[in-house]
Amino acid sequence: MKRTFRTALLLSLGLLLSPTLQAQTAVAPPSSVNTQKMNQFVEALMKKMTLDEKIGQLNLVSVGFDVTGPVVSKDVDANIRKGNVGAVLNTYTPVAARKLQELAVKESRLKIPLILGYDVIHGHRTIFPIPLGMAASWDLAAMERSARIAAEEAAADGINWVYSPMVDIARDPRWGRIAEGAGEDPYLGAQIARAMVRGYQGTDNDMSKPTNVMACLKHFALYGAAEAGRDYNTTDMSLVRMYNEYLPPYKAAIEAGVGSVMTSFNDINGVPATGNKWLMTDLLRTQWGFNGFVATDYTAINEMVAHGMGNDAQVSALALSAGTDQDMVGEIFLKNLAKNLKDGTVKQEQIDLACRRVLEAKYKLGLFQDPYRGVTEKRAKATMMKKEFIADARSISRKSMVLLKNDKNTLPLKKTGTIALIGPLANRQRDMIGSWSGAGDWKQAVSLEQGIKNVASSVKIVYAQGANITDDAQMIERLNAHGGDLNIDKRTPEAMIQEAVQAAQSADVIVAAVGESQGMTGEAASRADISIPAPQMELLKALKKTGKPLVLVLMNGRPMALSWENQNADAILETWFSGTQGGNAIADILFGDYNPSGKITATFPQVVGQVPLYYNHKSTGRPFNGTDKLDKYKSRYLDVSNDPLYPFGYGLSYTTFSYSKPELSKTSIKQNEPLEVRVTVRNTGNYDGEETAQLYIRDMVGSITRPVKELKGFQKVTLKKGESKILTFRLTPDDLKFYNNDLKFLSEPGDFQVFVGGNSRDVQEAAFKLQ
């Protein structure tokens, strides 16, 4: 009774919102699919299908080499022959893919092919930096290129459906899956979502091409807002925050024509996403016009029982009625929908609609024309890790790295002399490719040690491990139980540090590779303490005492609390988990073959107690200006300033850049009138370099409180030493709009500020008025 009331309440809310938001519905890019022919084909096929075969299309099972959850499907071969399977995940390679597909198209009654899905997150065989790292490049073309390469490799390996892009806004770095997204900003996240969909599905959105795959938008919705940064935890937020700050990247992917959507594990307005009709039907389909299919995340329907939404039969009916089409691994639909239909808790039309959507996806993928999509071992061998793919991986990896500190021009290093290469991550190939590296082979990854040897062969390297990644026995056990591959040195911490200090004393400079193991971020890898683990910190403190220049090479999947490191290291290079070519890319930067240009897309706190911490926050009624230390009754901490360690958009270069004050085409504009913002950026340093100029606005007075800054544009510009360029930004009418308290998308007359600079903190500003 309670659940029915909640669902009805959300339905009525969705209907109230629909007229308001109808203007925000966008049309996806045109597809090559002939809709009339597709409808005729699917209609004719469905007339031949039994109820069980229709329900079978809604069943997504797990088979193969990789498991992303606690359950592996059973009796898969038999169920495929019966027509009880619509899609399979975790199987790849031409041989394995063909074997499964042959079961469906040769041994099932109606010969309906399978969709073959896999977690292709930041590359398939050629692994790129983790998505949070790629986002730090601010290079949309590079990110689209990474998705294109991943699509070509995955498609050649028998995969036609990839569970990417993940576009969840994340503002709490304790959440391990922050590594898998683009960070904290809805504008940048939306641009990246579009680029990734184009890369996977093709610029023409023709998913039937054998080199294209169907993308899956995830996780719909709000998964990155998990309370306490703890994976799978609940979320709770106002609709105003949802529409303005969290939904834009999802909507952008829908506008880009993404073929499928994955539900999130959390609840929204008290109803889990998988069973939330307002979310999956009223918002996604009615308001946004999505016409693809919706699959759950791993066993998400089953997990609604633990949420308190009912027994298996009840959550089965709830999910289907909400608009969820396919059940990943849980087999709840397979076991319950026929009974649900008999009991009257679902309708035949609902089963038919879900089946139709899955069949349409198969039609769009060209599976009815060629269920194997031209996959052969010869093609796979010719495609995987091609020379040009490896070159692109190195280039994209370099673009993703962020120089956080560089006192006294410590970097770049000379290609002569002796380097003390120290730290537990200095020669770790496994950690180089990060979590969610899928089919990537870590043995083909270039370690930092090997990268230095490749780039600076004349440099003498004195290596010492110095510390284990962690000495926490429970943490080690957890990581190694799930592919951590941590080899723990049994020596005492003191003995390892002593060896490292001796190595440092014999060298000209220390390069310390420290941070996290890849298993410490990603799914189910939340951390309450986001500082560098204790044994590595003790190592760094001992190295600092040697007096040698100390360069930190960070490897990690989240923003970390690095106050001591920032105060004591001479240089800090954030390399994330940088992929197959990571070691070469890091060395390119360390020795000056590439000038770093990355900028962070998620704020780094001073201490974990500041999180969630993000640049586009609201003001309070008692904002603290940061100057009067005795001003008690303001929004502040007693023990630390409100400031981040590194603000959103921050990143240094081996050169320096200056910005002029912005010049506006007008100081007063009318509604629906664009505004041009011009700024001169000059390279004032001693190296050629690339800068990402960022434009922000602030709506000074609103009917609801507005953020202190909002990103509305960015441009990458390459400048030679001493060169300057005038950049022109164009603010469109939509850039000034927001969803008000009635969820109307509009702009309001009043005063605005516009800011341009190299990060969200260090900006030049101007003002204009909207009439």
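Our structure is the block above this text.
Residues numbered from 1 in each chain as written. Predicted model: local features only at pLDDT ≥ 70, side-chain atom pairs only at ≥ 80, totals over all residues. Heavy atoms only, no water.

What about the overall build of the protein?
Phase 1: When helices and strands are tallied, the protein shows 24 helices and 27 strands.
Phase 2: For 771 residues, the compact-globule estimate of 2.2 N^0.38 gives 28 Å, and the C-alpha radius of gyration of the protein, at 26 Å, lies within 12% of that figure.
Phase 3: Expressed along its principal axes, the backbone C-alpha trace of the protein runs to roughly 75 × 65 × 45 Å.
Phase 4: Evaluated residue by residue, the protein yields a buried proportion of 61% over its 771 residues. (Helix = DSSP H or I, 4+ residues; strand = E, 2+ residues; numbered from the N terminus. Rg over C-alpha atoms; globule rule 2.2 N^0.38 Å. Buried < 20%, exposed > 50% of the residue type's maximum accessible area, 1.4 Å probe, protein only.)

Brief notes about the packing of helix H9 (residues 239-246) against helix H10 (residues 248-255)
Phase 1: At a closest axis distance of 6 Å, the pairing of H9 and H10 adopts a crossing angle of 55 degrees. Looking at the two axes, H9 sits oblique to H10. Within the contact between the two elements, H9 uses Met-242, Tyr-243, Asn-244, Glu-245 and Tyr-246 and H10 uses Pro-248, Pro-249 and Tyr-250.
Phase 2: Here the residues of the contact of H9 with H10 sort into six nonpolar, one polar and one charged. (Axes fitted to C-alpha atoms, helices over the stretch in contact; angles between N-to-C directions. Parallel < 35°, antiparallel > 145°, perpendicular 65-115°, else oblique. Contact = heavy atoms within 4.5 Å. Nonpolar A, V, L, I, M, F, W, Y, C, P; charged D, E, K, R; others polar.)

With respect to helix H14 (residues 332-343)
Phase 1: Spanning 12 residues, H14 covers 16 Å between terminal C-alpha atoms, matching the ideal 16 Å at 1.5 Å per step.
Phase 2: Every buried residue belonging to H14 is among Ile-332, Phe-333, Asn-336, Leu-337 and Asn-340, and all of these are buried. Considered in projection along H14, the buried side chains sweep an arc of 120 degrees and stay on one side of the axis. Looking at H14, the residues exposed on the side facing more than 90 degrees away from the buried face are Lys-335 and Lys-342.
Phase 3: Looking at the buried positions of H14, the neighbouring elements they touch are helix H3 (51-56), helix H12 (300-307), helix H13 (312-322), strand S10 (327-328) and helix H15 (348-364).
Phase 4: Taken from the residues just after H14, Gly-344 is the one with a positive phi, measuring 85 degrees. (Expected span 1.5 Å × (residues − 1). Arc of directions from axis to C-beta.)

Considerations on the pairing of strand S11 (residues 402-406)
Phase 1: Of all five residues that make up S11, five are buried, and the element is covered over most of its length.
Phase 2: Bridge analysis of S11 against strand S16 (residues 571-574) gives four bridges, and the strand direction is antiparallel. What sits directly across from Leu-403, in S16, is Leu-573. (Pairing = 2+ DSSP bridges.)

Looking at the sheet that holds strand S12 (residues 418-422)
Backbone-to-backbone hydrogen bonds pair the strands of a sheet. The strands run either parallel or antiparallel.
Phase 1: On the basis of which strands lie adjacent, the open sheet formed by six strands has the order S11-S16-S15-S14-S12-S13 and mixed pairing. Each edge of the open sheet is held by one strand with a lone partner, namely S11 and strand S13 (460-464). The sheet shows a mean angle of 20 degrees between the axes of neighbouring strands, taken without regard to direction.
Phase 2: Judged from the four bridges that link them, S12 and strand S14 (residues 509-515) form a sheet pairing that is parallel.

Quick word on the side chain of Gln-57
Phase 1: Here Gln-57 lies in the loop between H3 and strand S1 (59-62).
Phase 2: A polar side-chain atom of Gln-57 sits 2.6 Å from a polar atom in the side chain of Lys-362.
Phase 3: Excluding residues within four positions of it along the chain, Gln-57 makes contact with Met-49, Gly-83, Val-85, Gly-86, Ile-112, Gln-326, Cys-355, Val-358, Leu-359 and Lys-362. (Polar contact = N/O pair within 3.5 Å; in protein donor to acceptor, adjacent residues only side chain to side chain.)

Remarks on the packing of aromatic side chains
Phase 1: In the structure shown here, the tally under the stated rule is 22 aromatic pairs.
Phase 2: Note on Tyr-187 and Phe-714: the rings are 6.5 Å apart at their centroids and 85 degrees apart in plane angle, and the pair reads as edge-to-face. Residue Tyr-187 is found in helix H8 (residues 186-201), and its partner Phe-714 is found in strand S22 (residues 710-719); the two are separated by 527 residues along the sequence.
Phase 3: The cationic tip of Arg-98 hangs over the ring face of Tyr-372; the distance from NZ or CZ to the ring centre is 4.0 Å.
Phase 4: The ring of Tyr-614 has Arg-171 sitting right over it, with the charged end atom 4.0 Å from the ring centre. (Phe/Tyr/Trp six-rings, centres within 6.5 Å; stacked < 30°, edge-to-face > 60°. Lys NZ or Arg CZ within 6 Å of the ring centre and 35° of its normal.)

Let's talk about the nonpolar core
Phase 1: Within the largest apolar cluster, 85 residues are counted, with the highest numbers of intra-cluster contacts made by Leu-448, Leu-543, Leu-590 and Phe-591.
Phase 2: Not counting residues up to four positions away in its chain, the partners in contact with Leu-590 are Leu-411, Pro-412, Leu-413, Leu-448, Val-511, Val-551, Val-553, Leu-573 and Tyr-654.
Phase 3: Counting 70 residues, the second largest nonpolar core, distinct from the first, contains Ala-135, Met-196, Met-280 and Ile-704. (Core = buried A, V, L, I, M, F, W, Y, C linked by side-chain atoms within 4.5 Å.)

Looking at the state of the cysteines
Phase 1: One pass over the full model with this rule turns up zero disulfides.
Phase 2: Looking at the unpaired Cys-216, the closest cysteine sulfur is the one in Cys-355, lying at 18 Å.
Phase 3: Exposure remark for Cys-216: the relative accessible area of 0% places this residue in the buried category. (Disulfide = S-S within 2.5 Å.)

So, the sheet that holds strand S21 (residues 689-699)
Phase 1: Read across the sheet, five strands follow the order S19-S27-S26-S21-S22 without closing on themselves; strand pairing throughout is mixed. Among the strands making up the open sheet, the edge pair consists of strand S19 (668-669) and S22.
Phase 2: Pairing analysis gives eight bridges linking strand S26 (residues 750-757) to strand S27 (residues 763-770), with the strands arranged antiparallel. If you follow Asp-751 over to S27, its bridge partner there is Lys-769.

Observations concerning the pattern of salt bridges
Phase 1: Applying the stated criterion across every chain, the model contains 45 salt bridges.
Phase 2: When the shortest N-O distance is used, the salt bridge between Glu-53 and Arg-109 registers 2.7 Å. One end of the pair, Glu-53, is in helix H3; the other, Arg-109, is in the loop between helix H5 (94-107) and strand S3 (115-118), and 56 residues separate them in sequence.
Phase 3: Looking at Glu-53, the relative accessible area reads 8%, which means it is buried.
Phase 4: Counted as one network, the salt bridges with shared partners bring together Asp-119, Arg-177, Glu-180, Lys-218 and Glu-523. (Salt bridge = Lys/Arg side-chain N within 4 Å of Asp/Glu carboxyl O.)

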